[in-house]
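Next come the chains, spelled out residue by residue.
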Amino acid sequence: MTRNAYRIAVIPGDGIGKEVIPEGLRVLEAVAQRFDCAFAFDHFDFASCDYYQKHGQMMPDDWKEQIGGHDAIFFGAVGWPETVPDHISLWGSLIQFRREFDQYVNLRPAKLMPGVTSPLAGRAPGEIDFMIVRENTEGEYSSIGGRIFEGTERETVIQETVMTRTGVDRILKFAFELAQRREAKHLTSATKSNGISISMPYWDERVEKMATAYPNIRWDKFHIDILAAHFVQHPDWFDVVVASNLFGDILSDLGPACTGTIGIAPAANINPERRFPSLFEPVHGSAPDIAGKGIANPVGQIWAAAMMLDHLGHTEASVAVVEAIEAVLAQEEFRTPDLGGASDTGSCGRAIAGAILEKR
Ligand code: NAI
Ligand code: MG
């Protein structure tokens, strides 16, 4: 194999995960024909509710050994609430990957695509195009705290925010590096130092410090409340937005929601140092209501493949996949029902793969 050969762990999971993954792989195969890269796909049936029903657990005990050496994980969706409660399926699989593989960056694009009606009036493709960088391991989502005097008048509940210099600096560095690679070279930080008066001023301090290493990047900050409003009223202001775990959680749903449907949104869970594989997935779940019908929108999964290519260093191929998605969505004929069309999953996926090969 050549230097640009990658071993990818493929985990379809449940429901429509099994329907959209093949379209993602189809597109990656088209990419391998056009660009200087090759993929070896290893398929795994764990991290699914079918696996749980057979084995009584979501994953084998040695799952880390089985997929820890791969270059990336290409993931569909997990969850089948009819047979396995969601907290078991999600905590027994996806959450384990994120934690054990120290995927401390959660990255989501918010980009308005042709053929998708934005819930924001008067916005056209090209006007909204930004990335949300969420800290994924600490911050507000710590398990430090507890309850005392339960059931009495003095009942007291505390949950602490944890910000470490290592944790804050590494997410900021990732965000500045990302901004550096983008044309607009603009970074926005989400804060709330007027209300959360200890940890958020610290976050701001670290942003200011990190910015000195990137003098060519224009940066600003907004309190989270007005920032959320700006996402809706001025989505064209943003390029890279970096936020703590909680703020990032909210923004990374709000941003993509401003650009249309859940069926097209992708996400990456990244370990930038590459000590562990990073995971690329669509934002949506297993969609039991449409599973088995062949009508799921494959674009979220295919766009996740584009993010994986970018992570692997194939920027040109990544851009080509996003352009192929745009070209195909612009044609009504290939839009799935969630976009108001009548296409099926396979026709949409084949059209995108075809658009990539066309330019060979
Ligand atoms: P969901 O994202 O699966 O579905 C929400 C709605 O969006 C449904 O009406 C569905 O038909 C539609 N939808 C989702 N993806 C679509 C696509 N590609 N094309 C067309 N329509 C699409 O969320 P829901 O229903 O809350 O959860 C279902 C299961 O998925 C649960 O078990 C949940 O825990 C799991 N889940 C897993 C995620 C993951 O693996 N990362 C993320 C979200 C939910
Ligand atoms: Mg969320």
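Residues numbered from 1 in each chain as written. Chains lettered and ligands numbered in written order. Predicted model: local features only at pLDDT ≥ 70, side-chain atom pairs only at ≥ 80, totals over all residues.

### Digging into the site of ligand 1
Turning to step 1, where the next piece is worked out: Residues in close proximity to ligand 1 total 23 residues, the closest being Gly79, Gly263, His284, Gly285 and Asn297.
Turning to step 2, where the next piece is worked out: Split into classes, the residues belonging to the shell around ligand 1 amount to 11 nonpolar, eight polar and four charged. (Near = placed C-beta within 6 Å. Nonpolar A, V, L, I, M, F, W, Y, C, P; charged D, E, K, R; others polar.)

### So, helix 9 (residues 245-258)
Turning to step 1, where the next piece is worked out: For helix 9, with 14 residues, the first-to-last C-alpha span of 20 Å sits near the 20 Å given by 1.5 Å per residue.
Turning to step 2, where the next piece is worked out: Among the residues of helix 9, Asn245, Phe247, Gly248, Leu251, Ser252, Gly255 and Pro256 are the ones counted as buried. Considered in projection along helix 9, the buried side chains sweep an arc of 140 degrees and stay on one side of the axis.
Turning to step 3, where the next piece is worked out: Here the buried face of helix 9 lies against strand 4 (105-111), strand 5 (129-135), strand 8 (186-191), helix 8 (224-233) and strand 10 (240-243). (Helix = DSSP H or I, 4+ residues; strand = E, 2+ residues; numbered from the N terminus. Expected span 1.5 Å × (residues − 1). Buried ≥ 20, exposed ≤ 12 C-beta atoms within 10 Å, placed from the backbone. Arc of directions from axis to C-beta. Contact = placed C-beta atoms within 7 Å.)

### A short note on the packing of helix 11 (residues 315-329) against helix 12 (residues 345-358)
Turning to step 1, where the next piece is worked out: One can describe the packing of helix 11 onto helix 12 by two numbers: an axis separation of 8 Å at closest approach and a directional angle of 125 degrees. Considered as vectors, helix 11 and helix 12 are oriented oblique to each other. The way helix 11 lies across helix 12 gives a crossing that is right-handed. Contacts from Ala320, Val321, Ala324, Ile325, Ala327 and Val328 in helix 11 reach Cys348, Ala351, Ile352, Ala355 and Ile356 in helix 12. (Axes fitted to C-alpha atoms, helices over the stretch in contact; angles between N-to-C directions. Parallel < 35°, antiparallel > 145°, perpendicular 65-115°, else oblique. Left-handed = near helix turned anticlockwise from the far one by under 90°.)

### Here's the deal with the UniProt feature "domain: Isopropylmalate dehydrogenase-like" (unreviewed entry) in the protein
Turning to step 1, where the next piece is worked out: When the UniProt feature table is mapped onto this chain numbering, "domain: Isopropylmalate dehydrogenase-like" (unreviewed entry) sits at residues 7-352.
Turning to step 2, where the next piece is worked out: With 38% helix and 19% strand, residues 7-352 has its two end C-alpha atoms placed 23 Å apart. (UniProt positions renumbered as here; feature names shortened; annotations may be inferred.)

### What to know about the sheet that holds strand 5
Turning to step 1, where the next piece is worked out: Spatially, the 10 strands line up as an open sheet ordered 2-1-3-12-11-4-5-10-8-9, and their pairing is mixed. At either end of the open sheet lies a strand with only one pairing partner, and these are strand 2 (38-43) and strand 9 (218-223). Within the sheet, the average angular offset between the axes of one strand and its neighbour, ignoring direction, is 25 degrees.
Turning to step 2, where the next piece is worked out: Judged from the six bridges that link them, strand 1 (residues 5-13) and strand 2 form a sheet pairing that is parallel. Looking at strand 2, one finds that Arg7 is bridged to Ala40. (Pairing = 2+ DSSP bridges.)

### Some points on the nonpolar core
The tendency in soluble globular proteins is for nonpolar side chains to be buried side by side.
Turning to step 1, where the next piece is worked out: Core analysis: the largest hydrophobic core is formed by 103 residues, its most contacted members being Ala305 and Val321.
Turning to step 2, where the next piece is worked out: Examining the composition of this core, we find that nine residues originate from one element, helix 10 (residues 299-311), more than from any other.
Turning to step 3, where the next piece is worked out: The residues touching Val321, leaving out its near neighbours within four places in the chain, are Val27, Val31, Ile302, Ala305, Ala306, Leu309 and Ile356. (Core = buried A, V, L, I, M, F, W, Y, C linked by C-beta atoms within 7 Å.)

### Observations concerning unusual backbone geometry
Turning to step 1, where the next piece is worked out: A positive phi is found at Ala47, a non-glycine position, where the angle reads about 60 degrees.
Turning to step 2, where the next piece is worked out: Note on placement: Ala47 falls in the loop between strand 2 and helix 2 (49-55).
Turning to step 3, where the next piece is worked out: Of the residues examined, Ala47 has 28 C-beta atoms within 10 Å and is grouped as buried.
Turning to step 4, where the next piece is worked out: A positive phi is found at Ala287, a non-glycine position, where the angle reads about 45 degrees.
Turning to step 5, where the next piece is worked out: Its location among the elements puts Ala287 in the loop between strand 12 (278-282) and helix 10.
Turning to step 6, where the next piece is worked out: Owing to 22 C-beta atoms within 10 Å, Ala287 belongs among the buried residues under this scheme.

### Some points on the environment of Lys209
Turning to step 1, where the next piece is worked out: In this fold, Lys209 is placed in helix 7 (residues 199-211).
Turning to step 2, where the next piece is worked out: In sequence terms Lys209 and Phe130 are 79 residues apart; their C-alpha atoms lie 23 Å from each other.

### Digging into the packing of helix 1 (residues 17-34) against helix 12
Turning to step 1, where the next piece is worked out: Contact geometry for helix 1 and helix 12: axes closest at 9 Å, N-to-C directions at 10 degrees. By the angle between their axes, helix 1 is roughly parallel relative to helix 12. Counting all contacts with helix 1, which are made through Glu19, Val20, Glu23, Arg26, Val27, Ala30, Val31, Gln33 and Arg34, the residues of helix 12 involved are Thr345, Gly346, Gly349, Arg350, Ile352, Ala353, Ile356 and Leu357.
Turning to step 2, where the next piece is worked out: Of the residues contributing to the contact of helix 1 with helix 12, the split by class is eight nonpolar, four polar and five charged.

### Notes on the pairing of strand 8
Turning to step 1, where the next piece is worked out: For strand 8, the buried fraction is high: five of the six residues fall into the buried class.
Turning to step 2, where the next piece is worked out: Here six bridges tie strand 8 to strand 9, and the two strands are oriented parallel to one another. When the sheet's bridge partners are listed, Leu187 is paired in strand 9 with Trp219.
Turning to step 3, where the next piece is worked out: On the question of chirality, the crossover connecting strand 8 to the parallel strand 9 by way of helix 7 is right-handed.
Turning to step 4, where the next piece is worked out: Inspection of the sheet shows strand 8 paired to strand 10 by three bridges, in the parallel sense. Looking at strand 10, one finds that Thr188 is bridged to Val241. (Right-handed = clockwise from strand over helix to strand, strands pointing away.)

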